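Remarks on the overall topology
If you want the building blocks of each chain, they are given just below.
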Amino acid sequence: STPTMVEKERITVEAISTAHLRLLYANVWAEITAEIDDALEEESCRMVLVTGGACVGKTALLAHWKKHHVLKYNESEDNAQIDLSSCALSDGPRADLAPHVMICTFVSHLGDTRIDSILRHVFSEIRRLTPVDLRLPLEGQCLDKFPAFMSEAAKYGVVWIIDNVHLIVGVNDWQFLSRVTTGVTIIATIDDDA
């Protein structure tokens, strides 16, 4: 059978994380992972930006951090039962983000990198994983509906990881990401030369 979009993203996360972990020292990963954890623990944190040159391991770092985060806050006798897919519920360090929806968007692996397509996917996952009952915006309306949709989703907590945010098509500036409310944190990667 053909894997779903979520299954493809989970396979990608695992492959990227595993491949780069062999190349980088564990203490470097631990240090950077701790910095992301520290930022996320701050209630005022709305965005964490990971920058670096192309192919230095930003994607692998976020894949590793996500796995670390989910395993850290979802202790289980059997870690195989913990949902490590790209769209899952997870516990976390802050009351406004526990439990929260963890969504990963690996832009360079998507067929359609238009902002509307990406936001519709994120909105669909939020609706699937939380009681948010807002209608999905029509084509061309997602960016306008982003603040209202994320405000509603913030009641349940959202951590949205966006890898290669600079590759998203149809956005003139990234100010819309900074308008998220308490309860939503965005962790994004961007190439230094973007």
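Refer to the structure above for everything that follows.
About the criteria used
Residues numbered from 1 in each chain as written. Predicted model: local features only at pLDDT ≥ 70, side-chain atom pairs only at ≥ 80, totals over all residues. Heavy atoms only, no water. Helix = DSSP H or I, 4+ residues; strand = E, 2+ residues; numbered from the N terminus. Buried < 20%, exposed > 50% of the residue type's maximum accessible area, 1.4 Å probe, protein only. Polar contact = N/O pair within 3.5 Å; in protein donor to acceptor, adjacent residues only side chain to side chain. Expected span 1.5 Å × (residues − 1). Bend = angle between axes of the 7 residues up to and from the residue. Contact = heavy atoms within 4.5 Å. Core = buried A, V, L, I, M, F, W, Y, C linked by side-chain atoms within 4.5 Å. Pairing = 2+ DSSP bridges. Phe/Tyr/Trp six-rings, centres within 6.5 Å; stacked < 30°, edge-to-face > 60°.

1. A closer look at the environment of His69
- By the element assignment, His69 lies in helix H3 (residues 58-73).
- In this structure, the C-alpha to C-alpha distance between His69 and Thr33, residues 36 residues apart in sequence, is 8.8 Å.

2. A short note on the side chain of Glu125
- Among the structural elements, Glu125 can be located in helix H4 (residues 115-129).
- Classification of Glu125 by relative accessible area gives buried; the value is 8%.
- A distance of 2.6 Å separates the side chain of Glu125 from the side chain of Arg128, its partner in a polar contact.

3. A few points about unusual backbone geometry
- In this structure, Asn164 is a non-glycine residue whose phi angle is positive, near 65°.
- Exposure remark for Asn164: the relative accessible area of 10% places this residue in the buried category.

4. Some remarks on helix H5 (residues 142-154)
- The terminal C-alpha atoms of H5 lie 17 Å apart, and with 13 residues this matches the ideal 18 Å at 1.5 Å per residue to within 8%.
- By the largest-angle criterion, Ala148 marks the main kink of H5, which is about 30°.
- Inspection of H5 places Cys142, Phe146, Phe149, Met150, Ala153 and Ala154 among the buried residues, and these make up the whole buried set.
- Next to the buried residues of H5 lie H4, strand S4 (158-163) and strand S5 (184-191).

5. Things to note about the side chain of Thr189
- Residue position: Thr189 is located in strand S5.
- The class of Thr189 is buried, set by a relative accessible area of 0%.
- Only 2.5 Å separates the side chain of Thr189 from the side chain of Asp163, close enough to count as a polar contact.

6. With respect to H4
- The end-to-end C-alpha distance of H4 is 21 Å, a good match for the 21 Å that 15 residues give at a rise of 1.5 Å each.
- Every buried residue of H4 is accounted for by Ile115, Asp116, Ile118, Leu119, His121, Val122, Phe123, Glu125, Ile126 and Leu129.

7. Structural notes on the pairing of strand S3 (residues 100-106)
- The buried fraction of S3 is high, at seven of seven residues.
- Both faces of S3 are covered, namely the face carrying His100, Met102, Cys104 and Phe106 and the face carrying Val101, Ile103 and Thr105.

8. Section: the nonpolar core
- Judged by nonpolar contacts, the single largest core of 31 residues is most densely connected at Ile126, Phe146, Trp160 and Ile162.
- When residues of this core are traced back to their parent elements, those giving at least two are S3, H4, H5, S4 and S5.
- Looking at this core element by element, the count peaks at seven residues for H4.
- Dropping the residues within four chain positions of it, Ile162 is found in contact with Thr105, Val107, Ile168, Leu177, Ile186, Ile187, Ala188 and Thr189.
- Counting residues in hydrophobic clusters, the runner-up holds 17 residues, among them Ile36, Leu40, Val48 and Phe106.

9. Regarding the pairing of strand S1 (residues 47-52)
- Side chains Val48, Val50 and Gly52 of S1 all project onto a buried face; the interleaved residues Met47, Leu49 and Thr51 project onto a face where none is buried.
- Both S1 and S5 contribute to a ladder of six bridges, which runs parallel. By the bridge assignment, Val48 is partnered in S5 with Ile187.

10. Brief notes about the packing of aromatic side chains
- Enumeration according to the criterion identifies two aromatic pairs in this entry.
- Between Phe123 and Phe149, the ring centres sit 4.1 Å apart and the planes meet at 20°, which makes this aromatic pair stacked. Of this pair, Phe123 sits in helix H4 while Phe149 sits in helix H5; the two residues are 26 residues apart in sequence, bridging distant segments of the chain. Across this residue pair, the class does not change: Phe123 and Phe149 are buried.

11. Focus: the environment of His121
- Residue placement: His121 occurs in helix H4.
- Taking the relative accessible area as the measure of exposure, His121 reaches 18% and is therefore buried.
- It is 9.1 Å that separates the C-alpha atoms of His121 and Thr105, two residues lying 16 residues apart in sequence.

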